[in-house]
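A structural walkthrough
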Amino acid sequence: MLQELLNQNEFELLLSDKNKPNIPQDIRLVYQMNDTVESFLLFRDAIWTGVYKEDYEGRLEMTYDRDGERYVLGVRQGDSVITLFYRELELEVQLYNYGDAAHFWVPKYENLRQLEFRIAVLWDKYTYLGEAYCTEGEKRLVHLADVPALNFCSYCAAPEEYMVPHEMPEESFRKGLDVMEEIAGRAHDSSLVRLIRFYRRHPSQIVTRLVAKTLHHSAHWGFVKVLTETIKKETAVYPHRSFGTKKDEEFAMRLAEAERCRQKLEREGNYAEVLREEPFTIAQDQLEPQVYVLVTRLGAVNQHPEVITF
């Protein structure tokens, strides 16, 4: 994992004013951070020397050795070198609930884009941490990331600079279609089941666009709803992030207000869900927790999602 990061020119140490050189301490290196997980490579009982450039972007060079009972990692950032002497290297992982995660970066088709986003971050977790950090249901749902009609190819939830396109193996594509067909069956959507089977036989770009467009139709809202609820159920085993008593209480008040709005909208015959946008906890960023209600109204032809911000 360490070599993988350095090969990608990624080396984000979490150093603060408390992390003095030449004093044994535990030091974290960011491994994977998204809505599903905060994970770090933890240098145990580490001493560091040299200069660490926090904002450095460029090629990294690494040297690796052993000095008695300690390992030695040297990382060159341009004209600077930081050296870590440490006793052990461990993986630290905290998993989180992402079934109600929200990132409204790209307008239109918000309900489908949020599905694409949740499947994409699940794919990241599965790819970089492995199936040991996924439920049995997640191990099946992750294959939806390899179905172009549902993934970033059709309903990208992030701006282009944040996209992480990946190869989509045919076997995983077909397993993703298995999941889609099962969900469509549970939604009692026989016409979508037939279309998915046609897609399996003819996985062309034209059919991909047809399926993607079809998913936005009101007639197939049941599929979107069942898939949304399936992801929520699978992720409910994980906790939400905590930001301290005061911030958690303020966040809870906004969530309660959003829940009252959701209930009102559902009494009016709409489907609505309370969604949250959370900053990271250990590697804290500048974001503030955000609360939304995503309501989907059904038109004569298409679904009409709307985002309400609290």
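On a predicted model such as this, the values are computed, not experimentally measured, just so you know.

**Let's talk about the sheet that holds strand β10 (residues 303-309)**
Taken in spatial order, the three strands make up an open sheet running β8-β9-β10, and their pairing is antiparallel. On the outer flanks of this sheet lie β8 (271-277) and β10, each paired with one strand and no other. Between one strand axis and the next, the sheet turns through 25 degrees on average, direction left out of account. Summarising the sheet, β8 and strand β9 (residues 290-298) pair through seven bridges and their orientation is antiparallel.

**A few points about the environment of Thr 214**
Residue position: Thr 214 is located in helix α7 (residues 205-215). Sequence separation between Thr 214 and Ala 256 is 42 residues, and the spatial gap between their C-alpha atoms is 34 Å. Ignoring anything within four residues of it in the chain, the contact list for Thr 214 reads Leu 192, Leu 195 and His 220.

**Overview of helix α2 (residues 110-129)**
Along its 20 residues, α2 runs 28 Å from first to last C-alpha, staying within 8% of the 28 Å computed at 1.5 Å per residue. Counting buried residues along α2, 16 of its 20 residues qualify, which places the element largely inside the surrounding structure. Of the residues one or two after α2, Gly 130 is the one with positive phi, at around 100 degrees.

**Brief notes about the pairing of β9**
Judged from the seven bridges that link them, β9 and β10 form a sheet pairing that is antiparallel. Among the inter-strand pairings, Arg 297 is bridged to a residue of β10, identified as His 304.

**As for the pairing of strand β3 (residues 37-50)**
Of the pairings in the sheet, the one linking strand β2 (residues 25-33) to β3 comprises seven bridges and is antiparallel in character. Paired with Gln 32 across the bridge in β3 is Ser 39. Looking at chain direction, β3 and strand β7 (residues 88-95) are connected through eight bridges and run antiparallel. The residue bridging Glu 38 from the neighbouring strand is Gln 94, located in β7. Where β3 lies against strand β6 (residues 80-86), four bridges are found, and the strand directions are antiparallel.

**Observations regarding the packing of aromatic side chains**
Within the structure shown, the criterion is met by eleven aromatic pairs. When the centroid spacing of 4.8 Å and the interplanar angle of 70 degrees are considered together, the rings of Phe 43 and Tyr 86 count as edge-to-face. Highlighted residues: Phe 43 in strand β3 and Tyr 86 in strand β6, separated in sequence by 43 residues. Here Tyr 86 falls in the buried class, since its relative accessible area comes to 0%. Taking 5.0 Å as the distance between ring centres and 75 degrees as the angle between the ring planes, the aromatic pair formed by Phe 104 and Tyr 292 counts as edge-to-face. In this pair, Phe 104 is assigned in the loop between β7 and α2 and Tyr 292 in strand β9, connecting sequence segments 188 residues apart.

**Let's talk about the environment of Ile 231**
Within the element layout of this structure, Ile 231 appears in helix α8 (residues 221-235). Along the sequence, Ile 231 and Arg 118 sit 113 residues apart, while their C-alpha atoms lie 8.2 Å from each other.

**Re the nonpolar core**
Judged by nonpolar contacts, the single largest core of 65 residues is most densely connected at Phe 11 and Phe 43. Tallying contributions element by element places α2 first for this core, with eight residues. Setting aside chain neighbours within four positions, we find Phe 11 in contact with Leu 6, Leu 29, Tyr 52, Leu 60, Leu 73, Val 75, Gln 77, Ile 82 and Leu 84. With eleven residues, the next largest nonpolar core counts Phe 243, Leu 255, Ala 258 and Val 295 among its residues.

**Digging into the pattern of salt bridges**
Counted by the stated rule, this structure contains 28 salt bridges. In this structure, Glu 61 and Arg 59 form a salt bridge, with 3.0 Å as the shortest nitrogen-oxygen distance. Between Asp 100 and Arg 276 there is a salt bridge whose closest N-O contact spans 3.7 Å. Residue Asp 100 is located in the loop between β7 and α2, and its partner Arg 276 is located in strand β8; the two are separated by 176 residues in the primary sequence. As far as the burial class goes, Asp 100 and Arg 276 line up, both buried. Counted as one network, the salt bridges with shared partners bring together Glu 38, Asp 100, Arg 241, Arg 276 and Glu 278.

**Looking at the environment of Asn 9**
Mapped onto the fold, Asn 9 is located in the loop between α1 (2-7) and β1 (13-14). A sequence separation of 52 residues divides Asn 9 from Glu 61, and the C-alpha atoms of the two residues are 8.5 Å apart. Beyond its immediate stretch of four places on either side in the chain, Asn 9 contacts Gly 58, Arg 59 and Leu 60. Engagement of the side chain of Asn 9 in a polar contact is seen with the backbone nitrogen of Leu 60, the distance being 2.8 Å.

Reading the values: rules and limits
- Residues numbered from 1 in each chain as written.
- Predicted model: local features only at pLDDT ≥ 70, side-chain atom pairs only at ≥ 80, totals over all residues.
- Heavy atoms only, no water.
- Pairing = 2+ DSSP bridges.
- Helix = DSSP H or I, 4+ residues; strand = E, 2+ residues; numbered from the N terminus.
- Axes fitted to C-alpha atoms, helices over the stretch in contact; angles between N-to-C directions.
- Contact = heavy atoms within 4.5 Å.
- Expected span 1.5 Å × (residues − 1).
- Buried < 20%, exposed > 50% of the residue type's maximum accessible area, 1.4 Å probe, protein only.
- Phe/Tyr/Trp six-rings, centres within 6.5 Å; stacked < 30°, edge-to-face > 60°.
- Core = buried A, V, L, I, M, F, W, Y, C linked by side-chain atoms within 4.5 Å.
- Salt bridge = Lys/Arg side-chain N within 4 Å of Asp/Glu carboxyl O.
- Polar contact = N/O pair within 3.5 Å; in protein donor to acceptor, adjacent residues only side chain to side chain.

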